[in-house]
Amino acid sequence: MRAGWMAQELLTTFDQEIDEMSLLPGTGGIYDIYANGNLVWSRKEEGRFPDITELKQAVRDAIAPDKSLGHADKKS
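The rules we used
Every chain is numbered on its own, with residues counted from 1 as its sequence reads. For this predicted model, a pLDDT threshold of at least 70 governs which residues receive local features, and a threshold of 80 or more governs which side-chain atom pairs are given and counted, while totals over whole chains, interfaces and linings are taken from all residues. Each side-chain value is derived from all of the structure's non-hydrogen atoms; neither hydrogens nor water enter the calculation. Definition used in this section: a nonpolar core is a set of buried Ala, Val, Leu, Ile, Met, Phe, Trp, Tyr and Cys residues joined via side-chain atoms within 4.5 Å. Residue burial is assigned from relative accessible area. The probe radius is 1.4 Å, only protein chains are included, and a residue is buried under 20% of its type maximum, exposed over 50%, and partly exposed in between. Every helix listed is a DSSP run of H or I at least four residues long, and every strand listed is a run of E at least two residues long, numbered separately from the N terminus. When the centres of two rings from Phe, Tyr and Trp lie within 6.5 Å, Trp using its six-membered ring, the rings pair. Their planes under 30 degrees apart give stacked, over 60 give edge-to-face, and anything left gives tilted. Two conditions define a charge sitting above a ring: the NZ of Lys or the CZ of Arg must be within 6 Å of the ring centre, and it must be within 35 degrees of the ring normal. Basic side-chain nitrogens of Lys or Arg form a salt bridge, by our definition, when they fall within 4 Å of a carboxyl oxygen of Asp or Glu.

In the annotation of an unreviewed UniProt entry, the entry for the chain reads Selenoprotein W-related protein, and the organism field reads Echinicola pacifica.

Next comes the structure, spelled out in structure tokens:
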């Protein structure tokens, strides 16, 4: 359920930048997010799931670094 919701959020936020998205079922709590072939989030490495804001920022940094995320952008 979480993966589906986050996928929907990413597709909505990056509707002009994402051409394709896949959800692949796994076992053992695997939760890896790739953008353009590069790992942008790993639950195993981070020890937790991302919150949606940090996931959007990580994906943005990988595929559209100049895109503003509005209120989801980090404060300077």
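From this point, things continue past the structure.
K.L.:
What exactly am I supposed to notice about the nonpolar core here?
P.N.:
Proteins that are soluble and globular tend to have nonpolar side chains buried together. Residues Met 6, Leu 10, Phe 14, Ile 18, Tyr 31, Ile 33, Trp 41, Ile 52, Leu 55, Val 59, Leu 69 and Ala 72 constitute the largest nonpolar core, which totals 12 residues. If you list the elements that add at least two residues to this core, you get helix H1 (2–13) and helix H3 (52–63). By residue number, the principal contributor to this core is H3, which donates three residues.

K.L.:
For this particular structure, what's the right way to read the packing of aromatic side chains?
P.N.:
Enumeration over the complete set of coordinates arrives at one aromatic pair. Relative to Phe 49, the ring of Tyr 31 has its centre 4.9 Å away and its plane inclined at 75°; by these criteria the two rings are edge-to-face. With a gap of 18 residues between them, Tyr 31 in the loop between H1 and strand E1 (32–35) and Phe 49 in the loop between helix H2 (43–46) and H3 connect regions that are remote in the sequence. Using a relative accessible area of 10% as the deciding quantity, one classes Tyr 31 as buried. Over the ring of Phe 49 we find Arg 2, and its NZ or CZ is 3.8 Å from the ring centre.

K.L.:
Could you clarify how one ought to interpret the pattern of salt bridges in this entry?
P.N.:
Pairs may arise between side chains of opposite charge once their charged atoms sit close together. Enumeration over the complete set of coordinates arrives at four salt bridges. Between Glu 9 and Lys 56 there is a salt bridge, with its nearest N and O atoms 3.1 Å apart. Taken together, the residues Glu 9 in helix H1 and Lys 56 in helix H3 connect sequence positions 47 residues apart. Given a relative accessible area of 23%, Glu 9 falls into the partly exposed group. Residue classification places Lys 56 among the buried residues on the basis of a relative accessible area of 14%. Salt-bridge contacts for Glu 54 lead to Arg 48; the nearest nitrogen and oxygen are separated by 2.6 Å.

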